[in-house]
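An overview of the molecular structure
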Amino acid sequence: MSEKVAAVPIEEMNASVLRARREIVLERRPVPVPASDEVLIEVSSVGVCGSDVHYYQEGRIGSFVVDQPLVLGHEAAGRIVAVGSDVDPGRVGSRVAIEPQKPRLNSPESLSGRYNLDPHMEFYATPPVDGAFQQYVTIQSHFAFDVPDSVSDNAAALLEPLSVAIATARKAGFTVGSRVLIAGAGPIGIVTAQVARAYGAAEVIISDLDEQRRERALQFGATRALDPRSDRIGELGLEVDSFIDASGAIPAVQSGIREVRAGGTVVLVGMGADEVPLPVPVIQNKELVLTGIFRYTNTWPTAIELVRSGKVDLDSMVTSEFALDQAEEALRAATDPAGLKAVVHPQSLAGAEA
Ligand code: ZN
């Protein structure tokens with residue numbers, strides 16, 4: 001019997017709710033009750049992602065449409081405050097990072113090891129599943145990963161975008177001595193550059209239209225930064241082992257593919273144009289492998305180790321921090337090229353008394 005029993009410490013919480021496009025309201029909501037295999041987490045930090053901004057500004061991402069109130073935020077960490085009936089009560093008090101997905105583990109995709117592709121996936125902040133811009137969330141116990149004290153709350157939250165970069169690294173085959181080209185020096189481009197270096201890449205070349213972003217990429221481990229307006233990307237003969245698009249920009253995808261060596265790999269990570277004309281003869285004649293990534297599987301242990309060991313620095317990526325009732329400001333900050341990563345702290349309120 002899977003009764004929903006848990007000693008939930010409080011009954012109501014603050015939640016930042018997207019009610020309509022560009023309209024976020026602070027609501028009082030019941031604290032979720034963990035199912036038998038879940039834990040209840042008091043959320044400490046939530047990173048703001050490009051996908052949150054898309055839902056806020058456009059109310060949709062492709063076929064995912066916000067047609068009822070939605071809590072945004074899927075890059076989250078916190079502390080376990082209660083557990084479901086089947087979970088070890090010894091977990092209460094643990095600081096954890098959340099892998100924000102709930103696949104159906106008996107689907108063919110999950111059974112083949114690719115649970116990220118499970119069609120029955122419930123994923124935080126993807127309609128109709130609420131995310132973490134609220135004081136408490138639940139997740140299955142196995143997707144709440146203990147983090148060491150040396151990993152801060154903010155870094156624990158940003159293990160999620162780091163996981164995207166690790167999934168990318170695996171697809172691209174980053175290894176010792178790799179030469180990598182990355183288009184786009186936003187949060188995903190920067191964290192992917194860091195992961196490439198951590199995996200031993202010899203050269204990490206990054207391109208971005210914005211000068212500040214190029215500078216920042218160099219600080220985070222890129223070995224060379226290109227300006228797509230003046231550097232003739234596509235004609236440089238870089239012959240990189242892999243090209244990662246983290247921009248979603250059509251010219252970046254088209255020119256980056258032309259810089260890959262024969263037999264190399266292209267990974268499309270950035271979300272932008274839905275349709276991109278590709279240089280088909282280049283892909284054919286060089287037998288390039290071209291793929292996308294959709295989230296991640298089994299990346300948190302690797303992510304935790306990369307941060308614990310100091311090989312990846314997530315704390316320095318945080319450029320602004322906000323209270324829960326400042327979620328809209330946080331979403332706006334996430335689109336400012338002068339910043340890199342905005343973080344929301346759901347336990348704090350900036351304005352009215354709690
Ligand atoms: Zn994200």
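Residues numbered from 1 in each chain as written. Predicted model: local features only at pLDDT ≥ 70, side-chain atom pairs only at ≥ 80, totals over all residues. Heavy atoms only, no water.

Regarding its fold elements, the chain presents 10 helices and 20 strands. Taken over the C-alpha trace, the chain has a radius of gyration of 20 Å; the compact-globule value for 354 residues is 20 Å, and the two agree within 12%. Long-range pairs, those at least 24 residues apart, make up 69% of the contacts in the chain with a sequence separation of at least 6. As displayed, the chain has an accessible area near 15,200 Å², and 49% of this comes from carbon and sulfur atoms. Separation between the mean location of the 31 positive side-chain charges and that of the 47 negative ones in the chain comes to 5 Å. (Helix = DSSP H or I, 4+ residues; strand = E, 2+ residues; numbered from the N terminus. Rg over C-alpha atoms; globule rule 2.2 N^0.38 Å. Contact = heavy atoms within 4.5 Å. Areas by Shrake-Rupley, 256 points an atom, 1.4 Å probe, with all protein chains shown as cover. Lys, Arg positive; Asp, Glu negative; His and termini not counted. Charge placed at Lys NZ, Arg CZ, Asp CG, Glu CD.)

Further remarks concern the coordination of the zinc ion. The zinc ion binds to the protein through C49 (SG), H74 (NE2) and E75 (OE), with metal-donor distances spanning 2.2 to 2.5 Å. The sequence pattern describing where the donors of the zinc ion fall on their chain is C-x24-H-E. With C49 in the loop between β3 (38–47) and α1 (50–58) and H74 in the loop between β6 (70–71) and β7 (75–83), this pair connects stretches of sequence that are 25 residues apart. For the pair shown, C49 and H74 are each scored as buried. (Donors = N, O, S within 2.8 Å, 3.2 Å for Na, K, Ca; no water. Buried < 20%, exposed > 50% of the residue type's maximum accessible area, 1.4 Å probe, protein only.)

Bringing the sheet that holds β6 into the picture now. In space, the three strands of this open sheet follow the order β2-β1-β6, with antiparallel pairing throughout. The sheet is open, and its two borders are formed by β2 (23–30) and β6, each paired with just one other strand. Inspection of the sheet shows strand β1 (residues 12–20) paired to β6 by two bridges, in the antiparallel sense. In the sheet register, L18 faces β6, and the bridge partner there is L70. (Pairing = 2+ DSSP bridges.)

Let's shift gears to the layout of surface pockets. Using a probe with the size of a water molecule, rolled over the atoms, empty space left in the structure can be pinpointed. Estimates place the volume of the second largest pocket at around 330 Å³. Together, 17 residues line the second largest pocket, and E38, Y124, V129, D130 and T138 are the ones closest to its centre. For the lining of the second largest pocket, the secondary-structure elements that each account for two or more residues are β9 (101–102) and β11 (136–140). Counting residues per element, the lining of the second largest pocket draws most heavily on β11, which supplies four residues. When grouped by side-chain class, the residues that make up the lining of the second largest pocket number eight nonpolar, five polar and four charged. (1 Å grid on protein atoms, 1.4 Å probe; cavity = no way out; pocket = protein on both sides within 12 Å on 5 of 7 lines; lining within 4 Å. Points joined across faces, edges and corners; volume = space filled by probe spheres on them. Nonpolar A, V, L, I, M, F, W, Y, C, P; charged D, E, K, R; others polar.)

In this section: a nonpolar patch on the surface. Taken together, the side chains of F64, L117 and F294 define a hydrophobic patch exposed on the protein surface, amounting to about 240 Å² of accessible area. Of note, F294 is situated in the loop between β18 (289–292) and α9 (300–308). (Patch = residues over 30% accessible without salt bridge, like charges linked within 9 Å, V, L, I, M, F, W, Y side chains within 5 Å. Salt bridge = Lys/Arg side-chain N within 4 Å of Asp/Glu carboxyl O.)

As a further point, take the sheet that holds strand β15 (residues 224–226). Strand order across the open sheet formed by six strands is β15-β14-β13-β16-β17-β18, with parallel pairing between neighbours. The sheet terminates laterally at β15 and β18, the two strands that pair on one side only. Neighbouring strand axes in the sheet, compared pairwise and without regard to direction, differ in orientation by 20 degrees on average. Taken strand by strand, helix α5 (residues 187–198) contacts β13 (179–183), β14 (203–207) and β16 (240–245), and its axis lies near 170 degrees from that of β14. Most of the contacts of helix α7 (residues 250–257) go to β16, to which it runs at about 170 degrees, and overall it touches β13, β16, β17 (260–268) and β18. (Axes fitted to C-alpha atoms, helices over the stretch in contact; angles between N-to-C directions.)

As for its placement among the helices and strands, R261 is situated in strand β17. In this structure R261 comes out as partly exposed when scored by relative accessible area, which is 31%. With residues up to four places along the chain from it excluded, the contact list for R261 reads E239, V240, D241, K286 and L288.

In this section: the packing of helix α4 (residues 159–172) against α9. Across the interface, α4 lies against α9 with an axial gap of 9 Å and an inter-helix angle of 105 degrees. Classed by the angle they form, the pair α4 and α9 counts as roughly perpendicular. In this structure, α4 contributes L159, E160, L162, S163, I166 and R170 to the contact, and α9 contributes W300, T302, A303, I304, L306 and V307. By residue class, the composition of the contact of α4 with α9 is eight nonpolar, two polar and two charged. (Parallel < 35°, antiparallel > 145°, perpendicular 65-115°, else oblique.)

Domain boundaries in the chain define domain 1 (12–158 + 314–345) and domain 2 (162–292). Look at where the C-alpha atoms of domain 1 and domain 2 centre, and you get two points 28 Å apart. On the domain 2 side, the residues contacting the 14 residues of domain 1 number 14 residues. Between domain 1 and domain 2, the buried area comes to about 1,000 Å², and carbon and sulfur atoms account for 60% of it. Looking only at domain 1, the three residues that lose the most surface to domain 2 are M317, P337 and L340, adding up to 46% of its buried area. On the surface where domain 1 and domain 2 come into contact, there are zero salt bridges. Where domain 1 touches domain 2, the interface holds two residue pairs in polar contact (both at pLDDT 80 or more). In terms of residue class, the side of domain 1 that touches domain 2 is made up of seven nonpolar, four polar and three charged. (Domains from an automatic or database assignment. Buried area = accessible area lost by both parts, 1.4 Å probe. Polar contact = N/O pair within 3.5 Å; in protein donor to acceptor, adjacent residues only side chain to side chain.)

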